[in-house]
Amino acid sequence: MARVFSGIQPSGELHIGNYLGAVQNWVKLQMEHDCFICIVDYHAITQDYDAAALEARTLEMAVGLVAAGIDPERSVLFVQSHVPEHTELAWILTTVTPLGDLERMTQFKDKSQRQESILAGLLNYPVLQAADILLYRAGLVPVGEDQIQHLELVREIARKWNTRFAPGFFPEPQAQLTKARRIVGLDGLGKMSKSMGNTIGILEEPAAVFDRLKPAKTDPARVTKKDPGDPAKCNLYSLHQYFSPAATVEDVAQKCRTAGWGCLDCKRVLADSVVAHFAPAREKSRELRNAPERIRDILHAGAEKARAVATETMREVREKMGLLAAHMPSGVGR
Ligand code: TRP
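A quick note: this is a predicted structure, and the numbers were derived from the prediction, not measured.

Peer 1: An account of the overall build of the protein chain is needed here, citing residue identities and associated values.
Peer 2: Of the regular secondary structure elements, the protein chain holds 15 helices and five strands. Scaling as 2.2 N^0.38, a compact globule of 334 residues should have a C-alpha radius of gyration of about 20 Å, and the protein chain matches this with 22 Å. Across its three principal axes, the protein chain shows a C-alpha extent of roughly 80 × 45 × 40 Å. Residues classed as buried in the protein chain amount to 50% of the 334 residues present. Sequence separation of 24 or more characterises 77% of the internal contacts of the protein chain that already satisfy a separation of 6 or more. Roughly 16,300 Å² of accessible area belongs to the protein chain as shown, and the carbon and sulfur atoms make up 53% of that amount. Counting 41 positive and 41 negative side-chain charges, the protein chain places the averaged centre of each group 3 Å from the other.

Here it is as structure tokens:
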């Protein structure tokens, strides 16, 4: 059974785009696979970020993940910077990664366009991602659609290192997408993302969910209540398909096509569905917040388990690359 690895940025809020696009898959996969779920703080610092807020956002993401169903007994849940081997392997992998491949990455091109000075960390972002995955020799990487290109590069890096140093050592990891491969934000403009403010957090209080939905974009043809709409052109209809019961989904489509109600009515129903779907998660998050040490303990235990695997991979990597083993005064190790 292939080992699973995936990562998520410590953006604080785990939102329904993260959930539908990837996290729900992690929750399922952990039943049958050996899963490593990593909060990638070293990736988060490759762009402008608020140092005063990072720690709280990292903890909040961990709470969100456990609340969403990541079971720390089944999955190894940890913070990237707690396992220094990630950056160690990343350095090594830069030595087999062609510069041109990094410059070609769509995400790098997009992100660097918004910057006056382009930093090497942003360019090397996918190399760190390769290190994340290869450190655990994972074979399966459940991610959203926007990560496909990075995964292709990870395979390329694995091939290059294998060819040079040890054929077959790193598996070439495969991406795994959910049905909801790309969730559009509530503003209808682009991918749902915390930095765009176009999200609904999974732990949002019930009243806040409807407040988020009120200004959300629907089928542009529906200017007034009397204009019939096309569910296929409404971003919120796709959310109904994920969160509302089948009978409700049908009813919603019918009322949209026949102008049987206004978009706000439809949003109220969607809010109820979302609120109901995440009721267990909100409950779980309350428990976790009442015992703040609990989440730190989970991350600490996760980092220990991750490190046990990571140090072993690094030992083999160094050996295969001809790096001199460090001298152990007590004679333990090599
Ligand atoms: N780049 C990923 C994203 O933005 C996060 C990530 C970092 C990741 N390392 C990873 C995902 C390793 C999968 C595997 O979503």
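Text resumes after the structure shown.
Peer 1: Give a detailed account of helix α9 (residues 148-165), specifying residues and quantitative values.
Peer 2: What sets the pattern is the α-helix's 3.6 residues per turn: residues three or four places apart point alike. Here α9 contains 18 residues, and its C-alpha end-to-end distance of 26 Å stays within 8% of the 26 Å for a straight helix at 1.5 Å per residue. Taken residue by residue, α9 has His 150, Leu 151, Leu 153, Val 154, Arg 155, Ile 157, Ala 158, Trp 161 and Asn 162 as its buried positions.

Peer 1: So what's going on with the site of the ligand? Residues and values would help.
Peer 2: By nearness alone, every residue bordering the ligand is listed as Phe 5, Ser 6, Gly 7, Val 40, His 43, Tyr 125, Gln 129, Asp 132, Ile 133, Val 141, Val 143 and Gln 147. At 3.0 Å, a side-chain N or O of Gln 129 approaches a nitrogen atom of the ligand. Asp 132 places a polar side-chain atom, nitrogen or oxygen, 2.7 Å from a nitrogen atom of the ligand. Relative to its free-state accessible area of 360 Å², the ligand is covered by the protein chains to the extent of 90%. Looking at the shell around the ligand, the elements that each hand over two or more residues are β1 (4-8) and α8 (125-135). No other element matches α8, which puts four residues into the shell around the ligand. The class makeup of the residues in the shell around the ligand is six nonpolar, five polar and one charged.

Peer 1: Help me get a handle on the environment of Ala 232, residues and values and all.
Peer 2: Within the secondary structure layout, Ala 232 lies in the loop between α10 (206-213) and α11 (235-243). Residue classification places Ala 232 among the exposed positions, given a relative accessible area of 70%. Once the C-alpha coordinates of Ala 232 and His 277 are considered, the two residues, 45 residues apart in sequence, prove to be 23 Å apart.

Peer 1: Go over the side chain of Gln 107, please, and point to the residues and values.
Peer 2: Mapped onto the fold, Gln 107 is located in helix α6 (residues 106-113). The class of Gln 107 is buried, set by a relative accessible area of 19%.

Peer 1: So what about the state of the cysteines? Which residues, and what values?
Peer 2: What makes a disulfide is a covalent bond joining the sulfur atoms belonging to two cysteines. Overall, the coordinates contain zero disulfides when judged by the stated rule. Cysteine Cys 256 is unpaired, with the sulfur of Cys 234 as its nearest cysteine sulfur at 6.2 Å. Judged by its relative accessible area of 11%, Cys 256 falls in the buried class. Counting only cysteine sulfurs, Cys 234 is the nearest neighbor of Cys 266, a cysteine outside any disulfide, at a range of 6.2 Å.

Peer 1: Account for unusual backbone geometry, with residues named and values stated.
Peer 2: A positive phi angle, near 50°, is found at Arg 137, a position not held by glycine. Note on Arg 137: relative accessible area 31%, which makes it partly exposed.

Peer 1: Give me the pattern of salt bridges: which residues, what numbers.
Peer 2: According to the stated counting rule, one finds 22 salt bridges in the structure shown. The partner of Glu 156 in a salt bridge is Arg 159, and the shortest N-O contact between them spans 3.2 Å. Placement of the pair is Glu 156 and Arg 159 together in helix α9, with a separation of three residues, close to one helical turn.

Peer 1: For the domain arrangement of the protein chain, give the residues involved together with the corresponding values.
Peer 2: Along its sequence, the protein chain is carved into domain 1 (3-184 + 292-321) and domain 2 (204-277). Each of domain 1 and domain 2 was reduced to a C-alpha centroid, and the two centroids are 34 Å apart. In this assembly, eight residues from domain 1 lie in contact with seven residues from domain 2. Here domain 1 packs against domain 2, burying approximately 610 Å² in sum over the two surfaces, 70% of which is carbon and sulfur. Area buried by domain 1 at its contact with domain 2 is led by Ile 16, Leu 20 and Val 184, which between them contribute 54% of it. Taken together, domain 1 and domain 2 are joined by one salt bridge. Among the residues forming the side of domain 1 that touches domain 2, the class breakdown is six nonpolar, no polar and two charged.

Analysis parameters
- Residues numbered from 1 in each chain as written.
- Predicted model: local features only at pLDDT ≥ 70, side-chain atom pairs only at ≥ 80, totals over all residues.
- Heavy atoms only, no water.
- Helix = DSSP H or I, 4+ residues; strand = E, 2+ residues; numbered from the N terminus.
- Rg over C-alpha atoms; globule rule 2.2 N^0.38 Å.
- Buried < 20%, exposed > 50% of the residue type's maximum accessible area, 1.4 Å probe, protein only.
- Contact = heavy atoms within 4.5 Å.
- Areas by Shrake-Rupley, 256 points an atom, 1.4 Å probe, with all protein chains shown as cover.
- Lys, Arg positive; Asp, Glu negative; His and termini not counted.
- Charge placed at Lys NZ, Arg CZ, Asp CG, Glu CD.
- Expected span 1.5 Å × (residues − 1).
- Near = heavy atom within 4 Å.
- Polar contact = N/O pair within 3.5 Å; in protein donor to acceptor, adjacent residues only side chain to side chain.
- Nonpolar A, V, L, I, M, F, W, Y, C, P; charged D, E, K, R; others polar.
- Disulfide = S-S within 2.5 Å.
- Salt bridge = Lys/Arg side-chain N within 4 Å of Asp/Glu carboxyl O.
- Domains from an automatic or database assignment.
- Buried area = accessible area lost by both parts, 1.4 Å probe.

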